[in-house]
Amino acid sequence: MSKILDSSFRNMLTFHDGQSDCFITDTLVPGYTVEEELMRLLGFANIKKIRDFLSKTSSQSINMHHPTFHLKTPLLEAIRRGDVSILALLIEKIPVCLDDTTTQPYGKTALMTAAYSSRNPEILQLLVKKGADIKKLDGRGWSCLQYAVVGERAKNVKVLLDFGMDVDIRDFNDRTPLMISVLYSNLDVLSLLLNRGADITARDKRGFTGLQLAVLRKKRDAAIILIKKGSDVSSPIPLTRHSLRELSNTTLPRLLPSVQYEKDIFEDCEEEE
């Protein structure tokens, strides 16, 4: 949104940051930058209106990573819009480094945001094809695959795996996407990871497997899926060294009656003798 200011008033309030004109008094007043106008248009305008706006504005003057007070940027708003044609237009017309994280918390990239929130997997495909680094990690050691898992976006998980992401990529706690899906995601994502070859024997930094985490967090359905896929039920729990059976009796009684633990089988054999 532009405002008409006389030249003396404009000279007094304007500074140039190398990207766009900003109007300030003692604090930055939102709503005056070309980036914020673009973000406003991204909220409702069709691609024709956005193209017209870009034709009247120097693309070199637009910073796609310019943040609002709430850390929204034109690039992130285009991703949230979910329209591949609009995002492709902006990337084509406006110079942008897709992996820049200067204005985002935890070093989160645009691809990570898309993986977590976008309902359109074509958005991720476009970003990767335009150069976004699928292997880049944020400050917590998470890749875009972990973001897709936590966002419960099974289609995004599939796209990233199709692009060659390691299904067992580790974070700073040595947890794999499978473990994270057990803790924070849904069964569709868990099943997809298993079908794509996720390692059910992997252990995190504290020595827990995905199954043990599922039992600890009372994730009954996830535990059942992992047991049916062959997860080891005889491995002792790290730290306490109790068996999975003993732990499940405390956290998830009658976890899966049809599963016979090794101790049960041994006891049955003794009774028969």
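Residues numbered from 1 in each chain as written. Predicted model: local features only at pLDDT ≥ 70, side-chain atom pairs only at ≥ 80, totals over all residues. Heavy atoms only, no water.

As recorded by an unreviewed UniProt entry, the chain carries the name Ankyrin repeat domain-containing protein and is attributed to Odynerus spinipes.

*Asks:* I tried to follow the environment of E37 on my own but got confused; where do I start?
*Replies:* For E37, the location among the structural elements is in helix α2 (residues 34–42). Considering only alpha carbons, one finds E37 and F53, 16 residues apart in sequence, at a separation of 9.3 Å. (Helix = DSSP H or I, 4+ residues; strand = E, 2+ residues; numbered from the N terminus.)

*Asks:* Sorry if this is basic, but what is going on with the packing of aromatic side chains here?
*Replies:* Throughout the structure, instances matching the rule amount to one aromatic pair. When the ring of W142 is compared with that of Y147, the centres are 5.7 Å apart and the planes differ by 85 degrees; the resulting orientation is edge-to-face. Comparing W142 with Y147 shows no difference in burial state: the two are buried. One residue, R140, lies across the ring of Y106, its end atom 4.5 Å from the ring centre. Note that R140 overlies the ring of W142, its terminal NZ or CZ placed 5.0 Å from the centroid. (Phe/Tyr/Trp six-rings, centres within 6.5 Å; stacked < 30°, edge-to-face > 60°. Buried < 20%, exposed > 50% of the residue type's maximum accessible area, 1.4 Å probe, protein only. Lys NZ or Arg CZ within 6 Å of the ring centre and 35° of its normal.)

*Asks:* Explain the UniProt feature "repeat: ANK" (unreviewed entry) in the chain here, please?
*Replies:* Under the UniProt annotation, "repeat: ANK" (unreviewed entry) lies at residues 106–139, 140–172 and 173–205. The span residues 106–139 shows a helical share of 50% and a strand share of 0%, and its end C-alpha atoms are spaced 5 Å apart. Within the segment residues 140–172, helix and strand shares are 48% and 0% respectively, and the terminal C-alpha atoms sit 6 Å apart. (UniProt positions renumbered as here; feature names shortened; annotations may be inferred.)

*Asks:* Quick question: what am I supposed to make of the side chain of T209 here?
*Replies:* Relative to the helices and strands, T209 resides in the loop between α11 (187–195) and α12 (210–216). Not counting the four nearest positions on each side in its chain, T209 is found in contact with I200, T201, A202 and R203. (Contact = heavy atoms within 4.5 Å.)

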